[in-house]
Amino acid sequence: MALVFIQCIVNALFAKVALSLERSNVKDTTTHKSYAMMAFSYVGAMLASNQALQYVSYPTQVLGKSIKPIPVMILGVIYAHKRYPLRKYGFVLLITLGVALFMFKDKKGGLDTDHTFGWGEGLLIISLLLDGMTGAVQERARSEHRTQAYPMMINMNVWAVLYLGVALLVTGEGYNFVLFSMRFPSVLFQMFTFSIMSAIGQVFIFITVTTFGPLTCSIITTTRKFFTILASVVIFQHPMTSRQWMGTSMVFVGLTMDSVYGKERKNQQK
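Residues numbered from 1 in each chain as written. Predicted model: local features only at pLDDT ≥ 70, side-chain atom pairs only at ≥ 80, totals over all residues. Heavy atoms only, no water.

A.B. asks: Kindly report on the overall build of the protein chain, identifying the contributing residues and their values.
C.D. replies: Counting its secondary structure elements, the protein chain contains eleven helices and zero strands. For the protein chain, whose C-alpha radius of gyration is 20 Å, the value lies close to the compact-globule estimate of 18 Å for 270 residues. With the C-alpha coordinates aligned to their principal axes, the bounding extent of the protein chain is approximately 60 × 50 × 35 Å. In the protein chain, which comprises 270 residues, the share counted as buried stands at 41%. (Helix = DSSP H or I, 4+ residues; strand = E, 2+ residues; numbered from the N terminus. Rg over C-alpha atoms; globule rule 2.2 N^0.38 Å. Buried < 20%, exposed > 50% of the residue type's maximum accessible area, 1.4 Å probe, protein only.)

Okay, structure coming up:
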């Protein structure tokens with residue numbers, strides 16, 4: 001939690017500097033209530049996902065989070081009143097299932113055969129629902145206000161700092177972090193450099209959200225790990241199973257069809 005707290009502080013400062021250099025005449029009209037809701041669901045999703053690792057394996061978490069575009073789309077329809085053509089649902093579902101199929105790892109031996117639905121899976125579901133709510137609030141803000149990337153980044157991270165600051169005080173983790181950093185001061189530099197890299201990456205995320213929408217952003221972030229692993233497979237010539245080849249085909253077909261569909265819709269609107 002302390003690392004995320006530092007990240008959010010650096011993210012907000014980084015966005016503030018970037019906004020001052022941009023000198024845009026467009027004023028962000030998004031309400032603080034919307035940003036407070038975005039930050040709450042964003043922080044909650046992150047904490048639930050991290051907490052889930054205490055009960056489930058990392059591959060299970062990655063597999064569970066691979067369906068993130070689905071709750072983003074569903075809650076976008078329910079809360080933000082976003083409307084998608086039926087084939088759009090098919091494309092997103094095809095991409096999501098393809099990523100899940102590619103990421104899925106066969107169990108070796110008889111390990112975890114008695115494992116049932118528990119706290120880990122429940123936390124992953126909560127994380128996915130909060131991810132969907134974040135996207136839904138962002139989508140609604142985009143449709144009702146002149147939402148801009150840097151103001152969104154600043155406000156979301158400032159609210160996140162407030163939420164996390166209270167949590168650090170209440171849980172006592174903040175005090176433990178201070179003691180730990182006094183004992184190992186080198187960790188502060190490492191956290192700072194990590195946060196700078198995180199802030200640079202977050203800039204592109206918020207630009208994508210405000211320009212193309214949270215659904216497109218969730219598809220990009222979901223397929224990011226897929227393409228990273230696929231590149232590793234191609235470069236180092238690791239063998240792929242028939243299931244992974246099927247998943248790869250589904251992802252590329254879904255992305256291609258979604259891209260073609262988007263172009264057709266723009267042409268029809270002209």
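A.B. asks: Which residues make up the pattern of salt bridges, and what are the values?
C.D. replies: Applying the stated rule across the entire model yields five salt bridges. Linking lysine 65 and aspartate 131 is a salt bridge whose minimum nitrogen-to-oxygen distance equals 2.4 Å. Taken as a pair, lysine 65 in helix α3 (residues 58-65) and aspartate 131 in helix α6 (residues 119-144) lie far apart in primary sequence, 66 residues in all. Given the relative accessible area of 21%, lysine 65 is considered partly exposed. With a closest N to O distance of 3.7 Å, glutamate 139 and lysine 82 form a salt bridge. On the criterion of sequence distance, the pair formed by glutamate 139 in helix α6 and lysine 82 in the loop between α4 (69-79) and α5 (86-103) is long-range, its members being 57 residues apart. Judged by relative accessible area, which is 7%, glutamate 139 ranks as buried. (Salt bridge = Lys/Arg side-chain N within 4 Å of Asp/Glu carboxyl O.)

A.B. asks: I'd like to hear about the state of the cysteines, residue by residue, with values.
C.D. replies: Counted according to the given criterion, the structure contains zero disulfides. Cysteine 8 carries a free sulfur, and the closest cysteine sulfur to it, the one in cysteine 217, is 16 Å from it. The class of cysteine 8 is buried, set by a relative accessible area of 1%. Relative accessible area serves as the criterion here: at 8%, cysteine 217 is assigned to the buried category. (Disulfide = S-S within 2.5 Å.)

A.B. asks: How would you summarise the environment of valine 56 if you had to cite specific residues and measurements?
C.D. replies: Here valine 56 shows up in the loop between α2 (32-52) and α3. Relative accessible area serves as the criterion here: at 8%, valine 56 is assigned to the buried category. Sequence-wise, valine 56 and glycine 120 are 64 residues apart; in three dimensions their C-alpha atoms are separated by 5.4 Å. Non-local contacts of valine 56, meaning those with residues more than four positions away in its chain, are made with Gly120, Glu121 and Leu124. (Contact = heavy atoms within 4.5 Å.)

A.B. asks: So what about the packing of helix α8 (residues 173-183) against helix α9 (residues 186-212)? Which residues, and what values?
C.D. replies: One can describe the packing of α8 onto α9 by two numbers: an axis separation of 6 Å at closest approach and a directional angle of 110°. As far as their axial angle goes, α9 and α8 are roughly perpendicular. Counted together, Phe177, Phe180 and Ser181 of α8 and Val187, Leu188 and Met191 of α9 form the full contact between these two elements. Of the residues that constitute the contact of α8 with α9, the class distribution is five nonpolar, one polar and no charged. (Axes fitted to C-alpha atoms, helices over the stretch in contact; angles between N-to-C directions. Parallel < 35°, antiparallel > 145°, perpendicular 65-115°, else oblique. Nonpolar A, V, L, I, M, F, W, Y, C, P; charged D, E, K, R; others polar.)

A.B. asks: Account for unusual backbone geometry, with residues named and values stated.
C.D. replies: A positive phi angle is found at histidine 81, which is not glycine, with a value near 60°. Turning to its location among the elements, histidine 81 is positioned in the loop between α4 and α5. A relative accessible area of 53% means that histidine 81 is categorised as exposed.

A.B. asks: I'd like a description of the packing of helix α1 (residues 2-22) against helix α7 (residues 149-171), backed by residues and values.
C.D. replies: Between α1 and α7, the shortest axis-to-axis distance is 8 Å and the interhelical angle comes to 155°. If you check the angle between α1 and α7, you find them roughly antiparallel. α1 and α7 meet at a crossing whose hand is left-handed. Of the residues belonging to the contact of α1 with α7, the class tally is 19 nonpolar, three polar and two charged. (Left-handed = near helix turned anticlockwise from the far one by under 90°.)

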